[in-house]
Amino acid sequence: MTNKELADLIYPSLSHTPEEYEAMYPERDLPEGAMVTRLGPSPTGFIHLGNLYGAFVDERLAHQSGGTFFLRIEDTDDKRFVENAVETIITSLAFFDIKFDEGVTQTGDIGAYGDYTQSHRGEIYRTFAKKLLEQGMAYPCFLSEDEITAIREKQEAAKLSPGIYAGWSKYRDWDKDPEIASEIEERVRAGEPFVIRLKSTGVPNASAEDTERHEVVDAIRGNLSVPANFLDIVIIKQSGIPTYHFAHVVDDHLMRTTHVVRGEEWLPSLPIHVELFADLGWELPVYCHTAQLMKIGEDGNKRKLSKRKDPELSLDYYRSQGYHPAAVREYLLTILNSNYEEWRAENPDASSDDFAFTTAKMSSSGALFDLDKLNDVSKSTLLRIDAAELASWLKSWSDEFAPEYGYVFEDMDHLAAILDLGRHDARPRADLVYARQIMDYIGYFFDESFRREDEYPQEAADDAKAILAAYLDSYDHSDDNETWFGKIRQIAVDLGYAAKPKDFKKHPEEYKGHVGHVSTVIRIALMGRATSPDVWAIQQIMGESKVRERISACM
RNA sequence: GGCGCAUUGGUCAAGAGGUUAAGACGUCGCCCUCUCACGGCGGAAUCUGGGGUUCGAUUCCCCAAUGCGCUACCA
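Residues numbered from 1 in each chain as written. Chains lettered and ligands numbered in written order. Predicted model: local features only at pLDDT ≥ 70, side-chain atom pairs only at ≥ 80, totals over all residues. Heavy atoms only, no water.

(A) Molecular detail of the overall build of chain A. Counting its regular elements, chain A contains 22 helices and 12 strands. Looking at chain A as a whole, 49% of its 555 residues qualify as buried. Sequence-distant contacts, at least 24 apart, represent 74% of the contacts inside chain A between residues at least 6 apart. When the accessible surface of chain A is totalled, it reaches about 26,200 Å², and 50% of it is carbon and sulfur. Charged side chains in chain A number 61 positive and 96 negative. The centres of these two groups are separated by 3 Å. (Helix = DSSP H or I, 4+ residues; strand = E, 2+ residues; numbered from the N terminus. Buried < 20%, exposed > 50% of the residue type's maximum accessible area, 1.4 Å probe, protein only. Contact = heavy atoms within 4.5 Å. Areas by Shrake-Rupley, 256 points an atom, 1.4 Å probe, with all protein chains shown as cover. Lys, Arg positive; Asp, Glu negative; His and termini not counted. Charge placed at Lys NZ, Arg CZ, Asp CG, Glu CD.)

(B) Main features of the sheet that holds strand 5 (residues 195–198). Spatial ordering of the open sheet is given by 4-5-8, a layout of 3 strands whose pairing is antiparallel. Where the open sheet ends on each side, the last strands, each with one partner, are strand 4 (138–141) and strand 8 (234–236). Shown here is a sheet whose adjacent strand axes are inclined to one another by a mean of 45°, direction ignored. Direction of pairing for strand 5 relative to strand 8: antiparallel, over a ladder of 2 bridges. Note that in strand 8 the partner of Ile196 across the bridge is Ile236. (Pairing = 2+ DSSP bridges. Axes fitted to C-alpha atoms, helices over the stretch in contact; angles between N-to-C directions.)

(C) Main features of the sheet that holds strand 2 (residues 68–71). The strand order 1-2-3 describes an open sheet built from 3 strands, whose pairing is parallel. Every interior strand has two partners, whereas the edge strands, strand 1 (36–39) and strand 3 (102–103), have only one. Alignment of strand 2 against strand 3, held across 2 bridges, turns out to be parallel. In the strand pairing of strand 3, Phe70 is matched with Glu102. On the sheet, helix 3 (residues 49–64) packs against strand 1 and strand 2 and is oriented at approximately 160° with respect to strand 1.

(D) Just the pattern of salt bridges, in detail. Under the criterion given, the structure shown has 36 salt bridges. Close ionic contact of Lys130 with Asp8 constitutes a salt bridge, the shortest N to O distance being 3.0 Å. Of this pair, Lys130 sits in helix 5 (residues 122–134) while Asp8 sits in helix 1 (residues 3–10), and the two are 122 residues apart along the sequence. Judged by relative accessible area, Lys130 falls into the buried class, the value being 11%. For Asp8, a relative accessible area of 28% puts it in the partly exposed group. Between Asp251 and Arg72 there is a salt bridge whose closest N-O contact spans 3.7 Å. One end of the pair, Asp251, is in helix 8 (residues 244–254); the other, Arg72, is in the loop between strand 2 and helix 4 (85–95), with 179 residues separating them in the sequence. Residue classification places Asp251 among the buried residues on the basis of a relative accessible area of 0%. (Salt bridge = Lys/Arg side-chain N within 4 Å of Asp/Glu carboxyl O.)

(E) Quick peek at the nonpolar core. In terms of nonpolar packing, the biggest core is built from 98 residues, with Leu49, Leu52, Phe128, Ile196, Ile235 and Phe246 touching the most fellow members. With 8 residues, helix 3 is the single largest residue contributor to this core. If near-sequence neighbours (up to four positions away) are discounted, Phe246 is found in contact with Tyr125, Phe128, Ala129, Leu132, Ile235, Ile236, Leu276 and Leu280. Counting residues in hydrophobic clusters, the runner-up holds 53 residues, among them Ala391, Ile418, Ala460 and Leu468. (Core = buried A, V, L, I, M, F, W, Y, C linked by side-chain atoms within 4.5 Å.)

(F) Structural detail: the packing of aromatic side chains. Under the criterion given, the structure shown has 25 aromatic pairs. Through a chain of ring-to-ring contacts, the aromatic side chains of Tyr317, Tyr318, Tyr323, Tyr331, Phe369 and Tyr434 assemble into a single cluster. Positioned over the ring face of Phe95 is Arg319, at 4.4 Å from the centre of the ring. Over the ring of Phe450 we find Arg550; its NZ or CZ atom is 3.7 Å from the centre of that ring. (Phe/Tyr/Trp six-rings, centres within 6.5 Å; stacked < 30°, edge-to-face > 60°. Lys NZ or Arg CZ within 6 Å of the ring centre and 35° of its normal.)

(G) Main features of unusual backbone geometry. Of note, the bond from Gly114 into Asp115 is cis; its omega dihedral lies within 30 degrees of zero at 0°. Secondary-structure assignment places Asp115 in the loop between strand 3 and helix 5. Despite not being glycine, Lys159 shows a phi value in the positive range, around 55°. Secondary-structure assignment places Lys159 in the loop between helix 6 (145–157) and helix 7 (178–189). The exposed category is assigned to Lys159, whose relative accessible area is 77%. Even without being glycine, Asn205 reaches a positive phi, approximately 50°. Along the chain, Asn205 falls in the loop between strand 5 and strand 6 (213–218).

(H) Representation of the pairing of strand 9 (residues 259–263) in the model. Extensive coverage of strand 9 is indicated by the burial of 5 of its 5 residues. The parallel pair strand 9 and strand 10 (residues 286–290), bridged by helix 9 (residues 270–279), forms a crossover whose chirality is right-handed. (Right-handed = clockwise from strand over helix to strand, strands pointing away.)

(I) Representation of the environment of Ser13 within the structure. Examined against the element boundaries, Ser13 turns out to sit in the loop between helix 1 and helix 2 (18–24). Residues Ser13 and Glu123 lie 110 residues apart in sequence; the distance between their C-alpha atoms is 9.9 Å.

(J) How the structure looks around helix 6. The terminal C-alpha atoms of helix 6 lie 18 Å apart, and with 13 residues this matches the ideal 18 Å at 1.5 Å per residue to within 8%. Of the residues one or two after helix 6, Lys159 is the one with positive phi, at around 55°. (Expected span 1.5 Å × (residues − 1).)

(K) Highlighting the packing of helix 17 (residues 464–474) against helix 18 (residues 481–494). Two numbers describe how helix 17 lies on helix 18: the axes approach to 10 Å, and their chain directions differ by 145°. Every pair of crossing elements has a handedness; the one defined by helix 17 and helix 18 is right-handed. Each of Ile467, Ala470, Tyr471 and Ser474 in helix 17 lies in contact with helix 18, whose residues at this interface are Trp484, Lys487, Ile488 and Ile491. Tallied by class, the residues present in the contact of helix 17 with helix 18 amount to 6 nonpolar, 1 polar and 1 charged. (Left-handed = near helix turned anticlockwise from the far one by under 90°. Nonpolar A, V, L, I, M, F, W, Y, C, P; charged D, E, K, R; others polar.)

(L) Region of interest: the packing of helix 11 (residues 325–336) against helix 13 (residues 371–383). Running from N to C, helix 11 and helix 13 cross one another at 125°; their axes reach a closest spacing of 9 Å. Compared by their axis directions, helix 11 and helix 13 come out oblique. Judged by the sense of rotation from one axis to the other, the crossing of helix 11 with helix 13 is right-handed. In this structure, helix 11 contributes Ala326, Ala327, Val328, Glu330 and Tyr331 to the contact, and helix 13 contributes Lys373, Leu374, Val377, Ser378 and Thr381. A breakdown of the residues in the contact of helix 11 with helix 13 according to their chemical character gives 6 nonpolar, 2 polar and 2 charged. (Parallel < 35°, antiparallel > 145°, perpendicular 65-115°, else oblique.)

Keep in mind these numbers describe shape, not what the thing actually does.
Spelled out as structure tokens, the structure:
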């Protein structure tokens, strides 16, 4: 039996040749320097910040260079498939404004390089696996799980690298042994299950000096020297579905990906991919191995976590807390490129798309997720969003995650006015962080959520009723800020309080307290809290009747 | 165990063979101020350790430690 005969025996009828596929998916016609990137999530139903982090790199690289960014679903693991996961992936990414030029969408594939779902591409993978079989670069392997376990134990005992490679699978050298050749033939004809393994040309268990190495340029990490692979890794599983390794190589070649952005956990398997690309006679894409994003514990202690199953790392967490997508984007960009913050400081109003993103500025060590920093970034990001827009965004958040705040959205103009409080001053207030925090922050504007949270300050507690009575008496809703505060000063002085805090500090014995204490009494009557933005401005938004009502209620 | 990647303040980090080792967040103090926020000023706080190379190393090399990852017919 020749290689060709074996290949035909295993894959007797395929509709296309490798050459035909090459012709069907030609080199893309793009301007010089344009990058083609892809996001390849597996539909496990869990998207985390790390995915987003990588997605931004892909998206920026492609769109900044006038290239193409596509979405490919990597569902080669039939055991891990989760219902509706693809939809979740698409909507989550869309929420964070990640836009694809081609690939899988909710209404079908877009683009000329599909199908973009790996489980639909079986025929293509088989075609190229057949090519490797024909060239003697791959072989069918019938080793059972138990046999493989036994091999591993033997290897461990002998202190050899574990795995299937030259010398360990008898099927590898079938062409040198007619008996094995006929066994293969019989078992294939009998329909017994088997996998296709790469017949690696690497030298197993070589000493460090003798190991052949390849130089690979990583756009983030610089020059990498990777040892040659020698493992006969599985390229097609028993199920007929390819492994990640094979699917990656075939797809990224055929889809003409120029830059492969993926997590650093793939670094150890790079040698496999290098060999596969070489065996198929294809050019290696530029790899960009990103550092893993980790998180800081909410208890303040730092702990590095693996990305896998920490719910705090889930995108949904930030969505349900109501972090604005632009804020998350802004934050991710600051940790993605070390000079982003500096650029932002110089270009406060520019679109983040105008920033020149480079892989060279990416860190190769993992960053801890910093909630404080996100909050800070969020404050300044929200400041740049128009109040009406913010209001409608909050409404959509509430509709999805917090319907109990429905009353807030009954009058959208009113809400916008509330949100805009102090935001256009010479030194704008920055106290809006995320939706849940905002709901609490503006809670006193609504009778549904108004509560007395703070007590009157000790200095003025005894005079509270007198202060409020005088205030109500003198209140004129049309007073301007200055006139209004002048009246409070007068009330303070009349009742024995200092008109200025400094006077009180200098001679505390002469006064009961100062004007600040007096206004705090008013603030608590109106807002239920000792801290708030400017009382006069709040009153203008609240309206006269509510102001009088709140004050009267405390008398 | 083997292999790989990483290691500058609490966090994100710039940096270069000779610097007072940037900046941001956080933190502390002060100022501004009717509270808070904003803003301003200032403080504390960093090159994981050990060997080399060098006149000089945080920077280059080696070793170690630590962290993370890979070691699947998962991605």
